[in-house]
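Given next are the chains, with one letter for each unit.
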Amino acid sequence: MSSEHNSWVRDALIYHVFPLGLCGAPASSEPKQPSRSRIKALLDWKAQAASLGCNTLLLGPFWESVSHGYDITDYRTVDRRLGTKDDLASVLSEWKNQGFRLVFDGVFNHCGRGFPPFVDLCQKGESSPYVDWFDGVDFSKRSPYGDPFSYKGWSGHFNLVKFRLSNPALREYLFSSIASWIDDYDIDGLRIDAADVIDKDFLRDLVRFCRSKKHDFWFVGEVVHGNYRDWTDTGLDSITNYELYKGLWSSHHDGNYFEIAWSLNRQFGEGGVYNGLRLYNFAENHDVNRVASLVNEAHLYPLHLLLFTIPGVPSLYYGEEAAWKGVKANGSDAPLRPALQPDDLKEGSQPDLAHAIRHFHELRQKVPALKGLDYQAAHVASHQFAFWRRDNQGHRALVAINAETERKEIIVEAPQGTVWEDALNGGTWHSDGRLHLELDPMWGRVLHPVSQNGF
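**Student:** When you look at the sheet that holds strand β13 (residues 313-317) in this model, what are you seeing that I'm missing?
**Tutor:** Adjacent strands of a sheet form backbone hydrogen bonds with each other and so pair up, either parallel or antiparallel. Taking strand neighbours across the sheet as the criterion, the eight strands line up as β11-β10-β9-β5-β2-β1-β13-β12 in an open arrangement whose pairing is parallel. A strand with exactly one partner marks an edge of an open sheet, and here the two such strands are β11 (238-239) and β12 (280-282). In this sheet, β13 lies alongside β12 in parallel orientation, the contact comprising three bridges. Residue pairing for β13: Asn281 is matched across the bridge by Pro314.

**Student:** For this particular structure, what's the right way to read the pairing of strand β16 (residues 396-402)?
**Tutor:** Regular strands place side chains that alternate from one sheet face to the opposite one. When you tally the buried positions in β16, you get seven out of seven residues, the bulk of the element. Pairing of strand β15 (residues 384-390) with β16, which is carried by seven bridges, proceeds in the antiparallel orientation. The partner of Trp388 across the bridge, within β16, is Leu398. Taking the residues that link successive antiparallel strands as the turn, the β15-β16 hairpin has five residues, and the phi of Gly394 there is positive, at about 90°.

**Student:** Can you help me understand the sheet that holds strand β8 (residues 157-162) in this one?
**Tutor:** Spatially, β6-β8-β7 is the arrangement adopted by the three strands of the open sheet, whose pairing is antiparallel. With partners counted over all chains shown, the strands left at the sheet margins are β6 (110-112) and β7 (153-154), one partner each. Where β7 and β8 come together, two bridges link them in antiparallel fashion. When the bridges of β8 are listed, Gly153 appears paired with Val161.

**Student:** Looking at this model, I keep getting lost on empty space enclosed by the protein. Mind explaining?
**Tutor:** Gaps left between atoms are located by rolling a probe of water-molecule size over the structure's atoms. Inspection of every chain in the model, using the stated rule, returns two cavities of 30 Å³ or more. Volume-wise, the second largest cavity comes out at about 50 Å³. Lining of the second largest cavity is provided by His16, Leu58, Arg191, Thr240, Tyr280, Phe282, Asn285 and His286. For the lining of the second largest cavity, a count of residues per class yields three nonpolar, four polar and one charged.

**Student:** Can you help me understand the layout of surface pockets in this one?
**Tutor:** A volume near 860 Å³ is recorded for the largest pocket. Listing elements by their share of the lining of the largest pocket, those giving two or more residues are α1 (19-22) and β8. Of all the elements, β8 adds the most residues to the lining of the largest pocket, at three residues. Looking at side-chain class alone, the lining of the largest pocket contains 14 nonpolar, eleven polar and eight charged residues. Estimates place the volume of the second largest pocket at around 290 Å³.

**Student:** It is not clear to me how the packing of aromatic side chains should be interpreted in this structure. Could you clarify?
**Tutor:** The description of an aromatic ring pair rests on the distance of the ring centres and on the angle between the ring planes. Summed over all chains, the structure comprises 44 aromatic pairs. The positively charged end of Arg113 is found above the aromatic ring belonging to Tyr145, 4.1 Å away from the centroid. Taking NZ or CZ as reference, Lys200 lies 5.4 Å from the ring centre of Trp231, over its face.

**Student:** Help me out: how do you make sense of the nonpolar core in this one?
**Tutor:** Tyr75, Phe104, Phe108, Trp181, Leu190, Ile192 and Leu206 are the most contacted members of the largest nonpolar core, which has 133 residues in total. Counting residues per element, this core draws most heavily on helix α5 (residues 168-185), which supplies eight residues. Aside from chain neighbours lying at most four places away, what touches Tyr75 is Trp63, Val107, Phe108, His110, Cys111, Phe115, Phe163, Tyr173, Leu174, Ser177 and Trp181. With 13 residues, the next largest nonpolar core counts Ala400, Ile410, Trp420 and Leu447 among its residues.

**Student:** Please clarify how the pattern of salt bridges should be interpreted in this entry.
**Tutor:** A pair can form between side chains of opposite charge whenever their charged atoms are brought close. Scanning the model with the defined rule gives 39 salt bridges in all. Salt-bridge contacts for Asp186 lead to Lys96; the nearest nitrogen and oxygen are separated by 3.3 Å. Placement of the pair is Asp186 in the loop between α5 and β9 (189-192) and Lys96 in helix α3 (residues 85-97), with a sequence separation of 90 residues. Overall, Asp186 belongs to the partly exposed group, its relative accessible area being 36%. The partner of Arg191 in a salt bridge is Glu222, with the nearest N and O atoms 3.2 Å apart. Here the residue Arg191 occupies a position in strand β9, and Glu222 occupies one in the loop between β10 (218-221) and β11, the gap between them amounting to 31 residues. Each member of the salt-bridge network shares a partner with another, and the members are Lys96, Arg101, Asp186, Asp188, Lys214 and Asp216.

**Student:** Please explain unusual backbone geometry as it appears in this structure.
**Tutor:** Excluding glycine, residues mostly carry a negative phi; peptide bonds, for their part, are mostly trans. Phi at Ser155 is positive, roughly 50°, even though this residue is not glycine. You will see that Ala194, though not glycine, has its phi angle at about 55°, which is positive. Considering the arrangement of structural elements, one finds Ala194 in the loop between β9 and α6 (200-213). Using a relative accessible area of 3% as the deciding quantity, one classes Ala194 as buried.

**Student:** Please clarify how α3 should be interpreted in this entry.
**Tutor:** Within an α-helix, residues lying three or four positions from one another point in the same direction, as the helix has 3.6 residues per turn. Taking 1.5 Å per residue, 13 residues should reach 18 Å; α3 reaches 18 Å between its end C-alpha atoms and fits that length. What α3 keeps buried is the set Asp87, Leu88, Val91, Leu92 and Trp95. Down the axis, α3 shows its buried residues gathered within 115° of arc, on one side only. Away from its buried face by more than 90 degrees, α3 exposes Asp86 and Asn97. Packing partners of the buried residues in α3 comprise α2 (46-51), β2 (56-59), β3 (63-65), β4 (72-78), β5 (101-106) and α5. One or two positions beyond α3, positive phi appears at Gly99, with a value near 100°.

Conventions adopted
- Residues numbered from 1 in each chain as written.
- Predicted model: local features only at pLDDT ≥ 70, side-chain atom pairs only at ≥ 80, totals over all residues.
- Heavy atoms only, no water.
- Pairing = 2+ DSSP bridges.
- Helix = DSSP H or I, 4+ residues; strand = E, 2+ residues; numbered from the N terminus.
- Buried < 20%, exposed > 50% of the residue type's maximum accessible area, 1.4 Å probe, protein only.
- 1 Å grid on protein atoms, 1.4 Å probe; cavity = no way out; pocket = protein on both sides within 12 Å on 5 of 7 lines; lining within 4 Å.
- Points joined across faces, edges and corners; volume = space filled by probe spheres on them.
- Nonpolar A, V, L, I, M, F, W, Y, C, P; charged D, E, K, R; others polar.
- Phe/Tyr/Trp six-rings, centres within 6.5 Å; stacked < 30°, edge-to-face > 60°.
- Lys NZ or Arg CZ within 6 Å of the ring centre and 35° of its normal.
- Core = buried A, V, L, I, M, F, W, Y, C linked by side-chain atoms within 4.5 Å.
- Contact = heavy atoms within 4.5 Å.
- Salt bridge = Lys/Arg side-chain N within 4 Å of Asp/Glu carboxyl O.
- Expected span 1.5 Å × (residues − 1).
- Arc of directions from axis to C-beta.

Put into structure tokens, the structure is as follows:
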């Protein structure tokens, strides 16, 4: 993984939206349907995202597709359910003018069955010039769809046709499409869908190509399982931190901060496997049950304080700031991707959560150590957790969190004579060799030194 060449990510707070869901698009597209400018609904969310302190917009798939957007049929045409290229350009220019960075969801592992080269293969068989664009094409077998050939689909889903990314003509098509995204929309990065099953040579070439167009281009790869270090040499900047995602919600659900503490130490503690990597941290996204449906809603406050104070890049999924709920139903992700307007969030059950999130973001700007990558546990109990943070300039901070409904005291060792300011709540703390910290229910403290006394 690359270093901090794209330093803007240190200050990033990402707002993640799923356009087909948020904009209320029909579940499937019909070729003869007229274009509908639903994408303009994104304009209404600009102020909402900015109010939280967000400065980067991550857009889920919006190119022409059959259903959920990951079965793309055209990498250069906006899905007719959302509008036109001009609609998209006008919307995104408004976000850019507000100062937002833009990250697109890049679907390069597979396409939909309606992708014209695959349609050509279905029609012409072995005489199609696109035979080698797709992985595992075998004319001695038939596909589950009855095609006179078989092919590989993503994770056994044959509506998602796996590309053969070593094919030069296919690469040229995909790279020229990406070039148009950079030229037309001034995007700043890509989320690489299904990065864990994409050929690494393709990823390396993709990174080189995009950085030749924009030197501080940022990449985050979607990897659900496995060792994130396995993608270190591809040039990707970040990886979706599913291990930490799981610990965030289940440590609160189970009253077990030992779980998240173990993960953080494994990842970022002394000798941590991901030391130096700025991973992509999230509490929910378009593929997982919404966190407000997984934990007691009061725990959303300490949970998000953790999200904003651990090493990495924090991300929010639209509606998360209002404790919006949603769980998968009958195998469908639709409940996770609802049609919403910003005014709908006023109906959320935690009206103070958005204010808290804004406050947590401001902490990251005020306390330099929180943008660093160094981590060390200081106190771990079932419902209380404290840890040290440090950046490469030597700035330090102490984060302490209480996930109980009662006020609790914890004691943390700190050099005698040091003086600490609580950036979250205000107030000053003096160490006599230990800090005696009273923690409010479902809340915490973030201390940074006023006087370090050699610390």
